[in-house]
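Okay, here's what each chain looks like letter by letter:
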Amino acid sequence: MIGRIRGELLEASAGIALVEACGVGYEVVVPDSVFLTLPSPGGFVDLRIRQVIREDSSTLYGFAEPFQRKMFDLLLEVKGCGPRIALALLGQVGEQAVAGAIVAEDARALSRATGVGAKLADRIVLELKAKVQEEAFLRKVESGASARSAAVAAREDQLVDALLALGYRRPEAESAAAVAREEAETVEEQLRAALRTLAR
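Given the structure is predicted, the values throughout are model-derived calculations rather than measurements.

Thresholds, definitions, all that
Residues numbered from 1 in each chain as written. Predicted model: local features only at pLDDT ≥ 70, side-chain atom pairs only at ≥ 80, totals over all residues. Heavy atoms only, no water. Helix = DSSP H or I, 4+ residues; strand = E, 2+ residues; numbered from the N terminus. Contact = heavy atoms within 4.5 Å. Buried < 20%, exposed > 50% of the residue type's maximum accessible area, 1.4 Å probe, protein only. Polar contact = N/O pair within 3.5 Å; in protein donor to acceptor, adjacent residues only side chain to side chain. Pairing = 2+ DSSP bridges. Axes fitted to C-alpha atoms, helices over the stretch in contact; angles between N-to-C directions. Parallel < 35°, antiparallel > 145°, perpendicular 65-115°, else oblique. Left-handed = near helix turned anticlockwise from the far one by under 90°. Nonpolar A, V, L, I, M, F, W, Y, C, P; charged D, E, K, R; others polar. Salt bridge = Lys/Arg side-chain N within 4 Å of Asp/Glu carboxyl O.

### So, the environment of Tyr61
For Tyr61, the location among the structural elements is in strand β5 (residues 58–63). The contact partners of Tyr61, leaving out residues within four places of it in the chain, are Val28, Val29, Arg48, Ile49, Arg50, Val52, Phe72, Pro83 and Leu87.

### A word on helix α2 (residues 66–76)
An α-helical turn contains 3.6 residues, so a residue and the one three or four places further along point in the same direction. Where α2 is concerned, the buried positions are Phe67, Gln68, Arg69, Met71, Phe72, Leu74 and Leu75. The opening residue of α2, the one whose side-chain oxygen lies 2.9 Å from the backbone nitrogen of Phe67, is Glu65.

### As for the pairing of β5
The side chains of a regular strand alternate between the sheet's two faces. The pairing of strand β3 (residues 24–29) with β5 spans two bridges and is parallel. Across the sheet, residue Val28 finds its bridge partner in β5, namely Leu60. The loop that links strand β4 (residues 44–53) with its antiparallel partner β5 comprises four residues.

### Quick notes on the packing of α2 against helix α4 (residues 95–103)
Remark: α2 packs on α4, axes separated minimally by 10 Å, with the N-to-C direction vectors making an angle of 45°. Taken together, the axes of α2 and α4 lie oblique to each other. In this structure, the crossing between α2 and α4 has a hand that is left-handed. Between α2, through Phe67, Gln68 and Met71, and α4, the contact on the second element is made entirely by Glu95, Gln96, Val98, Ala99 and Ile102. Considering only residue class, the contact of α2 with α4 consists of five nonpolar, two polar and one charged.

### Some details on the pattern of salt bridges
Inspection of every chain in the model, using the stated rule, returns seven salt bridges. Linking Lys129 and Glu105 is a salt bridge whose minimum nitrogen-to-oxygen distance equals 2.6 Å. Separated by 24 residues along the polypeptide, Lys129 in helix α6 (residues 118–165) and Glu105 in the loop between α4 and α5 (107–110) bring together distant segments of the chain. We note a salt bridge from Glu174 to Arg170, for which the minimum N-O separation is 3.2 Å. Residue Glu174 and its partner Arg170 are located together in helix α7 (residues 170–183), separated by four residues, close to a single helical turn. Accessibility expressed as a relative area gives 38% for Glu174, which makes it partly exposed.

### Quick word on the sheet that holds β5
Note: strands within a sheet are paired through backbone hydrogen bonds, in either parallel or antiparallel orientation. Strand order in this closed barrel of five strands is β1-β2-β3-β5-β4, and the pairing throughout is mixed. Neighbour-to-neighbour, the strand axes of this sheet turn through a mean angle of 55°, independent of strand direction. Taken together, the six bridges between strand β2 (residues 16–21) and β3 define a ladder with antiparallel strand orientation. In the sheet register, Ile16 faces β3, and the bridge partner there is Val29. On the sheet, α2 packs against β4 and β5 and is oriented at approximately 15° with respect to β4.

Here you go:
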């Protein structure tokens, strides 16, 4: 299965992008929101792909980021919501708005998309609310973990930079900083601990 295509956009029309990657031209169907952001022919594109295989066809659907593709996958689980309607929801309403409407049980917001009637909108809300809530929770956890990792990295860089500014060489500064992080939590305390280590 094809999961991602990165390459040159050869042409784009009627919601279809023709992308060349490794000498092969792939026709990728994209939602309106993605189509409107495509570069001019010759530009670089990076699309997350979902390949849908039917008895008589194999179609590539392209998305700008993983959450779009995840929402597409979830929508396809609902009876009566095929790729065309899922693309309409993502392209006309937006993946974040679709997720929000499902969690808020706002079927009317979903019915704004072409091809989505009241009954289908109600079914989407009923069948996907728990799954969308779970997905939103996982995204929040991942986002929090990334933020914490970035904060830790920033503190570590700050400590080493402070030691370098005091005239220590990078190898000894990094070594002392590693020891200091085991002994203290704040940057100020770690700096004092590092200096004690370097003074030995």
